[in-house]
Amino acid sequence: APKLLPHSAGYTMQVLPVSQSGAIAGGRGILQLEWRLDCDGVSYSQQSFLTLRNTEGGTVDSAIRIDSWEAADASSYRFLLESGIDGEMTEDVNGLAKRDGSGGITVRYTKPEEKVRKLPASTLFPWQQMRHTFALANSGVQQDWHSILRGEATGDPARVSMHILGNAGPPDDTEELGDQGDLLPPLGWQISSAFFEDEVDSQPSFEILETMLASGVITKAEITYPDMILRLRLQRLVRVPLPDCTK
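As the structure is a computational prediction, the values presented were derived from the model and not from experiment.

**Student:** I tried to follow the pairing of strand β8 (residues 115–119) on my own but got confused; where do I start?
**Tutor:** If a strand is regular, its side chains alternate between the two faces of the sheet. Of the pairings in the sheet, the one linking strand β7 (residues 105–111) to β8 comprises five bridges and is antiparallel in character. Following the sheet pairing, Thr 106 is matched in β8 by Lys 118.

**Student:** Help me out: how do you make sense of the pattern of salt bridges in this one?
**Tutor:** Opposite charge on two side chains allows them to pair when their charged atoms are near. As enumerated under the stated definition, the model contains eight salt bridges in all. The closest approach of N and O atoms between Arg 36 and Glu 34, which form a salt bridge, is 3.0 Å. According to the relative accessible area criterion, Arg 36 is partly exposed, its value standing at 37%. The partly exposed category is assigned to Glu 34, whose relative accessible area is 23%. The partner of Glu 197 in a salt bridge is Arg 150, with the nearest N and O atoms 3.0 Å apart. Note that Glu 197 is positioned in the loop between β11 (188–196) and β12 (206–213) and Arg 150 in the loop between β9 (143–148) and β10 (158–167), a separation of 47 residues in sequence. Residue classification places Glu 197 among the partly exposed positions, given a relative accessible area of 30%. A single network of salt bridges, built from pairs that share partners, joins Arg 65, Asp 67 and Glu 82.

**Student:** Can you help me understand the packing of aromatic side chains in this one?
**Tutor:** How two aromatic rings sit relative to each other is given by the distance of their centres and the angle of their planes. Counted by the stated rule, this structure contains eight aromatic pairs. With centroids separated by 5.3 Å and ring planes inclined at 25 degrees, the aromatic side chains of Tyr 77 and Phe 125 adopt a geometry described as stacked. Residue Tyr 77 is found in strand β5 (residues 76–85), and its partner Phe 125 is found in the loop between β8 and α1 (126–138); the two are separated by 48 residues along the sequence. One aromatic cluster is present, formed by Tyr 77, Phe 79, Tyr 109 and Phe 125 through successive ring pairs. Residue placement shows Lys 115 over the ring face of Tyr 109; its charged tip is 5.2 Å from the ring centre.

**Student:** Hey, could you run me through the side chain of Glu 210 in this one?
**Tutor:** Within the secondary structure layout, Glu 210 lies in strand β12. We note that Glu 210 is buried and unpaired, the nearest opposite charge coming from Arg 233 at a distance of 11 Å. Setting aside chain neighbours within four positions, we find Glu 210 in contact with Trp 189, Gln 190, Ile 191, Ile 218, Lys 220 and Ala 221.

**Student:** Sorry if this is basic, but what is going on with the environment of Leu 187 here?
**Tutor:** Assignment of secondary structure puts Leu 187 in the loop between β10 and β11. Since its relative accessible area comes to 33%, Leu 187 is described here as partly exposed. Distance from Leu 187 to Leu 213, taken between C-alpha atoms, is 6.0 Å for residues 26 residues apart in sequence. Excluding residues that lie within four positions of it along the chain, Leu 187 makes contacts with Asn 167, Ala 168, Leu 213 and Ala 214.

**Student:** Sorry, what's going on with the state of the cysteines here?
**Tutor:** The term disulfide refers to a covalent linkage connecting the sulfur atoms of a pair of cysteines. This structure, assessed with the given rule, holds one disulfide. The partner cysteine of Cys 39 in its disulfide is Cys 245, sulfur to sulfur 2.1 Å. Here the disulfide of Cys 39 and Cys 245 is left-handed, its torsion about the S-S bond being about -100 degrees. Taken together, the positions of Cys 39 in the loop between β2 (24–37) and β3 (41–54) and Cys 245 in the segment after β14 (228–239) put the pair 206 residues apart, joining distant regions of the chain.

Calculation notes
Residues numbered from 1 in each chain as written. Predicted model: local features only at pLDDT ≥ 70, side-chain atom pairs only at ≥ 80, totals over all residues. Heavy atoms only, no water. Pairing = 2+ DSSP bridges. Helix = DSSP H or I, 4+ residues; strand = E, 2+ residues; numbered from the N terminus. Salt bridge = Lys/Arg side-chain N within 4 Å of Asp/Glu carboxyl O. Buried < 20%, exposed > 50% of the residue type's maximum accessible area, 1.4 Å probe, protein only. Phe/Tyr/Trp six-rings, centres within 6.5 Å; stacked < 30°, edge-to-face > 60°. Lys NZ or Arg CZ within 6 Å of the ring centre and 35° of its normal. Lys, Arg positive; Asp, Glu negative; His and termini not counted. Contact = heavy atoms within 4.5 Å. Disulfide = S-S within 2.5 Å.

Listed below in structure tokens is the structure:
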């Protein structure tokens, strides 16, 4: 059965313009992420650095850092997000979401400002969403609507229209990744997800087309925003040790 195997992965990012009349001409960057299991849940970390070129010849440097921890039973989710443009921080989010006895979710933010939000119990956390996707794909379900709390300053929770388009295995050119065994299983899926961050907007804020293996490893992804397309390709993959929970 598909399940997340802890791993560290590195990706190259290529930026393509959506149209000739857009403001973004291109760009390149790198993204590194890590899934690490402990005896009570899973931690996720991500860092990305991206240089964008505009049509007037200028460049903009963007950096994003994400750190989170999610309980195995999805009872709580702790998140931190920091992003900046040209060295100046533009987003700083810190919060903790907990499911309460009545089934709802209470989210307490400490940044960018102290506030409390109530969300419906049906809202998913990120690792919970991955397991939900695995269950759907494994049972042959091809379409799903759900909401996800990511830990963003705006647009949370996002509504997601997901389509599981079919089976997809690891890339053909895996030599540089090394022999990763069950990190690169033959079973995987091509998944298309449209994210709606505005409740009244009928058009998605962005769309992701990705190949996810039954190990949780994403081998490639294409993210389409209104002003650019971001292509990710897996370049580095390292197994992260499992915890010893017998002590």
